[in-house]
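Secondary and tertiary structure notes
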Amino acid sequence: MSPASRLRGLKPDWLNNPKVWRTEVLAGLVVALALIPEAISFSIIAGVDPAVGLFASVTMAVVISIVGGRRAMISAATGAVALVIAPLNREHGLSHLVAAVILAGVFQIVLGALGVAKLMRFIPRSVMVGFVNALAILIFMAQVPEMTDVPWAVYPLIIGGLALMVFFPKVTTVIPAPLVSIVVLTVITVGAAIAVPTVGDKGALPSSLPVPGLPDVPFTMDTLATIAPYAFAMALVGLMESLMTAKLVDDITDTHSDKTRESIGQGIANVVTGFFGGMGGCAMIGQTMINVRVSGARTRVSTFLAGAFLMVLCIAFGPIVSEIPMAALVAVMIMVSFATFDWHSVAPKTLKRMPAGEIAVMVITVACVVATHNLAVGVVVGTITAMVIFAKRVAHLAQVTPVGDPDGSTVVYRVTGELFFASSNDLVGQFDYAGDPRKVVIDLSAAHVWDASSVAALDAIETKYAQRGKSVEITGLNDPSAQLHGRLSGELAAGH
């Protein structure tokens, strides 16, 4: 076998597939175009120059394409991060903001190494569905200001852009429909000299490359105390959004991603972004949906090129990009919001079959996200709600059934279900302490003891019988339950 053949054998199959290359390159270009107004808008939210948000988007996308754990996912400057760090910038300036971004990256690396990604398993499906639907609503709501108090020509342009994205794929899928829509609407507005808001109206694009360097802040404990709370909040919000987005892409593409690598990768990307003077960021769900669902990208190439194209578009083609009508990008994002929303989850047939608790969790998640504009808040509240509903549901499954002995000298209580803090509270009241014979057997072969509350409840039952001169024998404990009971029984008197 020749060296060239061996080299080809080491390459992924898609490297030799021109169709995949075309998809990835064009997807990267579409995402780069969509990133420009978003990055500028988030810069305004954070109170920094547009170049800060654009540079952050470039470095985040390029770095995460190499070190991230989820292929085809887009990371850049985001609104959630901008909201967290905006107060720091207002009170202490850009240098402290940049220092906080670097520290947030360090926090993310540490949290990733400690296995924070494993907590994703505790997020229920109903929360995930609520997260996706809330995301779609937020994406749409973010476009409303671009459709308010604007020239009348904006509306037919948006409708035309949506029509192109719906019908153009029926003609060919070689070129992504969003790219066609952006190009066609730009040509129409420029050629016909139609006065509508453009990308350039959002702010000036940068004209030179960023220069790496350390933030201009005093390296003291006072500085650390100032930036640490913001950095930690940014780290948590960024990780949660990134991991939720990665799970969403996993489901869409039916592939697995390395969540621990993604967590650490987000940290590395933020550290690099901070050294280049950027505002930091995390996974961008809207742009990721453009890349994965709308454009069909599946590799790291599209993510890398999104950052590379963004830099080229800003510096080399700034004047041309500035002429893109916002209506074109609004149309793309509206299409993304409709494609993202899980319409099956709100279909009457689905709602009739779903348990009320599952629907409540989904609605609460959506309501919290839409009310706070913070996806992390919705996920946390939704998950806690789901856990409370689950605990309440499981607690009712624990039952105590008395089985009398033929000679009347013994009574056997058969306990079934899961014994934990919610179910064991009712356990003590289900025994006839006064009327039972002198020997009582509690059969736990169909139960499982999960926590100290259950052990304390069993101790309380034994104590109540002992006060009446009666003995209790506990049987049928499985190994984990027996170990927990043996370790804690008799040691929890303060909790009786």
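Notes on the structure follow.

Rules behind the numbers
- Residues numbered from 1 in each chain as written.
- Predicted model: local features only at pLDDT ≥ 70, side-chain atom pairs only at ≥ 80, totals over all residues.
- Heavy atoms only, no water.
- Patch = residues over 30% accessible without salt bridge, like charges linked within 9 Å, V, L, I, M, F, W, Y side chains within 5 Å.
- Areas by Shrake-Rupley, 256 points an atom, 1.4 Å probe, with all protein chains shown as cover.
- Salt bridge = Lys/Arg side-chain N within 4 Å of Asp/Glu carboxyl O.
- Helix = DSSP H or I, 4+ residues; strand = E, 2+ residues; numbered from the N terminus.
- Buried < 20%, exposed > 50% of the residue type's maximum accessible area, 1.4 Å probe, protein only.
- Pairing = 2+ DSSP bridges.
- Right-handed = clockwise from strand over helix to strand, strands pointing away.
- Axes fitted to C-alpha atoms, helices over the stretch in contact; angles between N-to-C directions.
- Contact = heavy atoms within 4.5 Å.
- Core = buried A, V, L, I, M, F, W, Y, C linked by side-chain atoms within 4.5 Å.

**Re a nonpolar patch on the surface**
Side chains of F140, M141, V144, F338, W343, V346 and L351 sit close together on the surface and give an oily, nonpolar patch of about 580 Å² of accessible area. Here M141 shows up in helix α6 (residues 125-143).

**Considering the pairing of strand β5 (residues 439-449)**
With eight of 11 residues buried, β5 lies mostly within the body of the structure. Judged from the nine bridges that link them, strand β4 (residues 410-419) and β5 form a sheet pairing that is parallel. Across the sheet, V412 pairs through a bridge with V441, a residue of β5. Where the polypeptide runs from β5 across helix α19 (residues 452-466) and back to strand β6 (residues 471-475), its parallel neighbour, the crossover connection is right-handed.

**Quick word on the sheet that holds β5**
The four strands are arranged β3-β4-β5-β6 in an open sheet whose pairing can be described as mixed. Every other strand in the sheet has two partners, leaving β3 (399-404) and β6 as the edge strands with one partner each. Between one strand and the next, the sheet's axes are offset by a mean angle of 20°, whatever the strand orientation. Lying on the sheet, α19 is in contact with β4, β5 and β6; it crosses β5 at an angle near 175°.

**Some words on the nonpolar core**
Core analysis: the biggest nonpolar cluster contains 105 residues, and I36, L54, F131, M279, I290 and L310 have the highest contact counts within it. At 12 residues, helix α2 (residues 18-46) tops the list of elements feeding residues into this core. The next biggest cluster of nonpolar side chains, apart from the first, holds 24 residues, and it includes V415, L444, L458 and I461.

**Overview of the pattern of salt bridges**
All chains considered together, the criterion is met by four salt bridges. K259 is the partner of D250 in a salt bridge, and the nearest nitrogen-oxygen pair spans 2.5 Å. The network of salt bridges with common partners includes R70, D250 and K259.

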